[in-house]
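Observations on the three-dimensional arrangement
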Amino acid sequence: MLMQAAVSVLFAFGCVYGADLSLAVNGIVLSYIPIFLFTYIFGTLFYFRNQVEHESKVSIAKSFGAGIAHEMRNPLGAVQGAIDVVKSLLPHENIQKSEYYSISHNDLTVVKETLSDAENTISIGNETIDLLLTSIDESRVTRKSFKKHSLSKVIEDSLECIPFLGKNYRDFISLNCYCNAYFLGSDTLIKYVIFNLIKNSFSHQGVRELEIEIKISCFKDYHELIYFDNGSGIPEEVLGSIFKDFFTYGKKSGSGLGLPFCRRVMHSLGGTISCKSKINEWTQFTLKFPSYFSCVSRKYMIDIIVDMSILYIGRESYLNDIFSHTPLAKRLNLIYLDIQRFINKKNYEFEYEVIFLDLDELLLRGVDINFIEKKLCFTEAKIIYIHEGKIDREVSFFSVEKNKLEKDFEILICDLIFEDRKVKPNNNENNIEENKKTILIADDNQSIRTYSSLILEQHGFKVIEVNNGQEVVEELKSEAVDLVIMDIEMPKMNGLEATYEIRLFSSVPIVAYTGNSSQKMIDTILQSGMNDYIVKPANTKAIIDKISFWI
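Residues numbered from 1 in each chain as written. Predicted model: local features only at pLDDT ≥ 70, side-chain atom pairs only at ≥ 80, totals over all residues. Heavy atoms only, no water.

This structure, assessed with the given rule, holds 14 aromatic pairs. Ring geometry for Phe 172 versus Phe 202: centroids 6.0 Å apart, planes at 90°, classification edge-to-face. Of the two residues, Phe 172 is situated in the loop between helix H5 (151–160) and strand S4 (173–177) and Phe 202 in helix H6 (residues 187–203); the sequence distance between them amounts to 30 residues. Aromatic side chains Phe 342 and Phe 350 sit 5.6 Å apart centroid to centroid with 65° between the ring planes, which places their arrangement in the edge-to-face category. Summarising the burial analysis for this pair, Phe 342 and Phe 350 share the class buried. (Phe/Tyr/Trp six-rings, centres within 6.5 Å; stacked < 30°, edge-to-face > 60°. Helix = DSSP H or I, 4+ residues; strand = E, 2+ residues; numbered from the N terminus. Buried < 20%, exposed > 50% of the residue type's maximum accessible area, 1.4 Å probe, protein only.)

Set out below in structure tokens:
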């Protein structure tokens, strides 16, 4: 660019002044030349840099979209297969019409198993979407969802729910685990890696009957997973490119995104993935995972904890005593909330990742444990009671004694946050009264209305179905209803408009049923007069928990 600028200036000089130097000396303002050069050169460079950055973002967006589309084909195909199985077992429409039809015990068992498989597949699909929407940050994978996992358990679970192969695929795969291999990471991410490796094996199985062997071994600071198949192999000249974005080999429909993402997953764990192969004979992938107790994993834990939003509820003096005496504690993103403010907060206002409660102080102030657990029953946070001595009753959250927390703060915090400990579930289903409560469901989607109605009727509720906000208003004026579950986007009158109308004559609890969980939408829902919200798609427990809270 410097050469181009110099040649251009000389050419312009020649065109204007020719060989008349005296005219040039009188006509040229020399101070303008460096200003012009600076503007031209750096302006062009900055434009070029911005253009490259824009093209990079476009490429990432295309990769992102292709990843979602590519990975969702498998679970959607499996769900379609389940639907076909169920259709084949249902009575044919051409047979004699009857109010009831019979089905054999074997067929009923097949239907239940098929629907169970379909539910698992949908769960995998949702995990994949969540993974792609929340875990991918350009070329990195976030560690925010990392937990302690058993590698062998994750692999076994992966092999039990592969969404894109038939029932007999398990006959081709053997798993040998020689130790208890624990790692810090995401089970969803590792399942994704295993799914990709198996899918690639079946796509390149060659002419022989495919055999896949997975071996797990443990070493001092890391675990090793060997994935071996006897497929068609990979040429040596191709091996160096298989982890590059959009590179495919031997597959017409491949997007070239699977193995590159597998490598990003392993790098996010602090591990590695490598491949060696012999053409027409075998392929071996070697995955190395840092041990859960290694220095690498411990460093990642600290980095994750420091970035978390942590709420402490209790007395401020305890906050200073317990959370301020170690280097880690001083780095925490800690928010303090006193007891009275905790009591006054709504149950949907606890959007934190970890919540510590000083149980002694709460009980001293007359706050009942049942009230605490009801107040926090909808938060996604990891909830931890801190207390003196033993708790004399079962609680639904984690608990730790204060003297232990003070003594081994860093170790205990890591264990409490990253270990997937089982706690007694907060079973709100049992709190629902057996008498017939009436629930009105408003949604223009008939499938959602039918599904929700079936769930609620099975739990003893009387259900009224309507498909728009105007019908909700009319129904409430003529029927006694205990709770309204209402969609936001509906024809004639939407959920927000209907709520404004309802609040003129009724205080019935209204729960929004929405697919938009943004903070702006939640604020709009609550400002409209609705009492709460459920995010679509919601499972049975989420719906029943929400209903039991309000009625």
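Let us keep going from here.
This next bit is on the sheet that holds strand S13 (residues 382–387). Spatial ordering of the open sheet is given by S11-S10-S12-S13-S14, a layout of 5 strands whose pairing is parallel. Two strands lie at the open edges of the sheet, namely strand S11 (333–337) and strand S14 (398–401), each paired on one side alone. Across the sheet, the axes of successive neighbouring strands diverge by a mean angle of 25°, strand direction being ignored. Of the strand pairs in this sheet, strand S12 (residues 354–358) and S13 are connected by 5 bridges, and their pairing is parallel. If you follow Ile 355 over to S13, its bridge partner there is Ile 383. Against the sheet, helix H10 (residues 316–323) contacts strand S10 (309–313), S11, S12 and S13, and its axis sits at roughly 155° relative to S11. (Pairing = 2+ DSSP bridges. Axes fitted to C-alpha atoms, helices over the stretch in contact; angles between N-to-C directions. Contact = heavy atoms within 4.5 Å.)

Unusually for a residue other than glycine, Asn 280 sits at a positive phi of about 65°. Summarising the element assignment, Asn 280 is placed in the loop between strand S8 (272–278) and strand S9 (282–290).

In space, the 5 strands of this open sheet follow the order S4-S6-S7-S9-S8, with mixed pairing throughout. The open sheet is flanked by S4 and S8, the only strands paired with a single partner. The mean inter-strand angle of the sheet, taken between neighbouring strand axes irrespective of direction, is 15°. In this sheet, strand S6 (residues 212–218) lies alongside S4 in parallel orientation, the contact comprising 5 bridges. Following the sheet pairing, Ser 174 is matched in S6 by Glu 213. Across the sheet, H5 lies against S4, S6, strand S7 (222–229) and S9, angled at about 165° from S4, the strand it touches most.

It is worth spelling out the nonpolar core at this point. Within the largest apolar cluster, 75 residues are counted, with the highest numbers of intra-cluster contacts made by Ile 155, Ile 190 and Phe 285. If we ignore the near neighbours within four places in the chain, the residues touching Phe 285 are Leu 197, Leu 225, Ile 226, Tyr 227, Ile 242, Phe 243, Leu 259, Ile 273, Ser 274 and Cys 275. Formed by 25 residues, the second largest nonpolar core is a distinct cluster that contains Leu 440, Met 521, Ile 522 and Tyr 533. (Core = buried A, V, L, I, M, F, W, Y, C linked by side-chain atoms within 4.5 Å.)

Okay, the pattern of salt bridges next. Inspection of every chain in the model, using the stated rule, returns 7 salt bridges. Asp 303 is paired through a salt bridge with Lys 299; the nearest N and O atoms lie 3.1 Å apart. Of this pair, Asp 303 and Lys 299 both sit in helix H9 (residues 295–307), separated by 4 residues, roughly a single helical turn. (Salt bridge = Lys/Arg side-chain N within 4 Å of Asp/Glu carboxyl O.)

In this structure the tally under the stated criterion is 1 disulfide. Disulfide pairing places Cys 179 opposite Cys 218 at an S-S distance of 1.7 Å. Between Cys 179 and Cys 218 the sulfur-sulfur dihedral comes to about 80°; the bridge is accordingly right-handed. Within this pair, whereas Cys 179 is found in the loop between S4 and strand S5 (182–185), its partner Cys 218 is found in strand S6, the two being separated by 39 residues in sequence. (Disulfide = S-S within 2.5 Å.)

Following the UniProt record, the feature "transmembrane region" (unreviewed entry) maps to residues 28–48 here. Each end of residues 28–48 is marked by a C-alpha atom, and these two atoms are 30 Å apart; helix forms 81% of the span and strand 0%. (UniProt positions renumbered as here; feature names shortened; annotations may be inferred.)

A contiguous nonpolar surface patch, about 490 Å² in accessible area, is contributed by Met 1, Phe 38, Phe 42, Leu 45 and Phe 46. As for its placement among the helices and strands, Phe 46 is situated in helix H3 (residues 32–89). (Patch = residues over 30% accessible without salt bridge, like charges linked within 9 Å, V, L, I, M, F, W, Y side chains within 5 Å. Areas by Shrake-Rupley, 256 points an atom, 1.4 Å probe, with all protein chains shown as cover.)

Okay, H10 next. Buried residues of H10: Tyr 318, Leu 319, Ile 322 and Phe 323, and no others. Mapping the buried residues of H10 onto a view down its axis gives an arc of 105°, with all of them on the same face. (Arc of directions from axis to C-beta.)

Within the fold, Ser 452 resides in helix H17 (residues 446–458). Overall, the relative accessible area of 7% leaves Ser 452 in the buried class. With residues near it in sequence (within four places) discarded, Ser 452 still touches Ile 441 and Tyr 513.

It is worth spelling out the environment of Ser 152 at this point. Considering the arrangement of structural elements, one finds Ser 152 in helix H5. For the pair formed by Ser 152 and Cys 177, sequence separation is 25 residues and the distance between their alpha carbons is 6.5 Å. If sequence neighbours within four positions are ignored, Ser 152 has contacts with Leu 175, Cys 177, Ala 181 and Ile 216. Among the polar contacts listed, one links the side chain of Ser 152 to the side chain of Ser 150, at a separation of 3.2 Å. (Polar contact = N/O pair within 3.5 Å; in protein donor to acceptor, adjacent residues only side chain to side chain.)

Attention now goes to the packing of H9 against helix H16 (residues 409–418). In a packed pair of helices, the relevant descriptors are the angle between the two axes and the axis-to-axis distance. Where H9 contacts H16, the axes come no closer than 11 Å and their chain directions differ by 80°. The angle between the axes of H9 and H16 places the two elements in the roughly perpendicular class. Across the interface between the two elements, Arg 298, Met 301, Ile 302, Ile 304 and Ile 305 of H9 pack against Glu 410, Ile 411, Ile 413, Cys 414, Ile 417 and Phe 418 of H16. When the residues that make up the contact of H9 with H16 are grouped by side-chain class, the tally is 9 nonpolar, no polar and 2 charged. (Parallel < 35°, antiparallel > 145°, perpendicular 65-115°, else oblique. Nonpolar A, V, L, I, M, F, W, Y, C, P; charged D, E, K, R; others polar.)

Before going further, it helps to examine the packing of H5 against H6. Interhelical geometry of H5 versus H6 gives an angle of 55° and a closest axis separation of 9 Å. It follows that H5 is oblique to H6 by the angle criterion. The two elements H5 and H6 cross, and the hand of that crossing is right-handed. Across from Leu 151, Val 154, Ile 155, Asp 157, Ser 158 and Leu 159 in H5, the residues of H6 making contact are Asp 187, Ile 190, Lys 191, Ile 194, Phe 195 and Ile 198. Of the residues assigned to the contact of H5 with H6, the class counts are 8 nonpolar, 1 polar and 3 charged. (Left-handed = near helix turned anticlockwise from the far one by under 90°.)

Those residues of helix H20 (residues 519–527) not exposed but buried are Met 521, Ile 522, Ile 525 and Leu 526. Within H20, the buried residues cover an arc of 130° as seen down the axis, which keeps them to one side. The outward face of H20, more than 90 degrees from its buried face, is lined by the exposed residues Lys 520 and Gln 527. Considering only its buried residues, H20 is in contact with helix H19 (495–502), strand S18 (510–514) and strand S19 (532–535). Phi turns positive, to about 115°, at Gly 529, one or two residues after H20.

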